[in-house]
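Examination of the molecular architecture
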Amino acid sequence: MRGQPLPDDDHAVRYCKRSTIDEDGFIGHGAFMLRDNPREEYLSANWLEKLPGGDEAERIAELCRIHLLERKPRDRFALLRVGDTVEAVRARSEADKVLRFLREAADEDPDYSHAGIHGTDGPDEEDTAQLLADAICRTYSAS
Amino acid sequence: MKVLTNISSLTRGDKIEALAGVQAFIEPFDLQHACVAPVGQFRIGPAARVVTNPFNYRERRVDMADAVAFSNVGEVESVKTREPLAALLDYLEKFFVPGYGPQLASRLRQLAEDIKGDYEGAVELSLASASYLVSFLEKNRRLKRPTLSATPAGTIIAHWREGQEKMVSAHFLPDGRLNFVAAFPNPRHAQQRARVTGTTTSDAFFETARLETYGWVSQ
């Protein structure tokens, strides 16, 4: 159901373009900044546990299939544990910022695991992006 | 490092023309060792006083013995006819003072291509952001070469890391401002992580972020 909050123990997977990743493979906080033109309302992600597969690797493989057309060499997937990320941003941001991880697709949609990270915008957007990058728990190659 | 020697073979008019080209090319940068400049504003010679960047940077004293030289004025001339990113990369490869100029140029070239590909041509590497980065690094030569990533706006973030625990990131904005974050083990409580963030200008980053206290960012 669209708008459904992701459970705290589940993971959001952010697709990180190669230009947001440094030459050592570290994901920079640019990967968690909203695009201006056209202005994005939230950071797109995927709800890992909504994807089919017996383990994380199989679900990531399914994500690779979903992102087949946009994937480029050196792109990566960044995993964020929902509850930990919300808490890390709330605790470290100056305004006690509370992010919301919401499902953005219905079961019948082709990208049915599509989710959004809401609440990153505002004057402290870059600080929030840095906290999100700090909260990455694992990464996978997208190629 | 070479010293400019063959400029004396040019006529005064040639010099002005050549130097004006250099100035047009160098304008956004903080030219560390200017040894050429338009007549009337600057002069050439030992310890000449040179205004390197009238917008963001302080005046600098240039020692001829320490001067970067253009041993081939023809090459310098060709710089001004190229598109700005190519000119910046050319500068890095030929004139940039820290030894890692070619590697930095290579990374910026790759980043420019990646940004174009990632956003299907809708976004380009911000030349102003890159210029402020180059200027900052040339001014602070003891710093290690940072790794680079970009934002969706095409601006550059420089990263210095040591292991998993220590990092400094600096986002060079196109208007000369800079946002930075530093994270490292708390010096008094090693099990805790300290985090410092701030906004400054790229020319004041070293002092504002007190980078001298982070020994691991230096060579």
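Scope of this entry: the structure provided in the associated data block. (Residues numbered from 1 in each chain as written. Chains lettered and ligands numbered in written order. Predicted model: local features only at pLDDT ≥ 70, side-chain atom pairs only at ≥ 80, totals over all residues. Heavy atoms only, no water.)

Here we look at the nonpolar core
- In this structure, Leu108(B), Phe136(B), Trp160(B), Val168(B), Phe205(B) and Leu211(B) are the most contacted members of the largest nonpolar core, which totals 44 residues.
- Mapped onto this core, the elements with two or more residues apiece are helix H3 (84-94), helix H4 (101-118), helix H5 (127-139), strand E3 (147-150), strand E4 (156-162), strand E5 (166-172), strand E6 (177-186) and helix H6 (205-208) of chain B.
- Beyond its immediate sequence surroundings of up to four residues, Phe136(B) is in contact with Leu143(B), Trp160(B), Phe172(B), Ser202(B), Phe205(B), Phe206(B) and Leu211(B).
- Judged by nonpolar contacts, the second largest core, of 27 residues, contains Leu6(A), Phe32(A), Ala45(A) and Val89(A). (Core = buried A, V, L, I, M, F, W, Y, C linked by side-chain atoms within 4.5 Å. Buried < 20%, exposed > 50% of the residue type's maximum accessible area, 1.4 Å probe, protein only. Helix = DSSP H or I, 4+ residues; strand = E, 2+ residues; numbered from the N terminus. Contact = heavy atoms within 4.5 Å.)

Regarding helix H1 (residues 56-66) of chain A
All names here are of chain A.
- Looking only at H1, the buried set comprises Glu-56, Ile-60, Glu-62, Leu-63 and Cys-64.
- On the buried face of H1, the contacting elements are strand E1 (11-16), strand E2 (43-47), strand E3 (76-81) and strand E6 (136-141).
- Here H1 starts with a cap whose side-chain oxygen sits 3.3 Å from the backbone nitrogen of Ala-57, and that cap is Asp-55. (Polar contact = N/O pair within 3.5 Å; in protein donor to acceptor, adjacent residues only side chain to side chain.)

Observations concerning the sheet that holds E5(B)
- Read from one edge to the other, the open sheet built from 5 strands follows the order E3-E4-E5-E6-E7 (chain B), with strand pairing classed as antiparallel. Unpaired on one side and paired on the other, E3 and strand E7 (189-201) of chain B mark the two borders of the sheet. Strand-to-strand twist in this sheet, taken as the mean axis angle between neighbours without regard to direction, amounts to 15°.
- Pairing analysis gives 6 bridges linking E5(B) to E6(B), with the strands arranged antiparallel. Bridging across to E6(B), Ala170(B) finds its partner in Phe180(B).
- Running at roughly 150° to E7(B), helix H3 (residues 125-134) of chain A makes contact with E5, E6 and E7 of chain B of the sheet.
- Helix-sheet contacts for H5(B) involve E3, E4 and E5 of chain B, and the interaxial angle to E4(B) is about 40°. (Pairing = 2+ DSSP bridges. Axes fitted to C-alpha atoms, helices over the stretch in contact; angles between N-to-C directions.)

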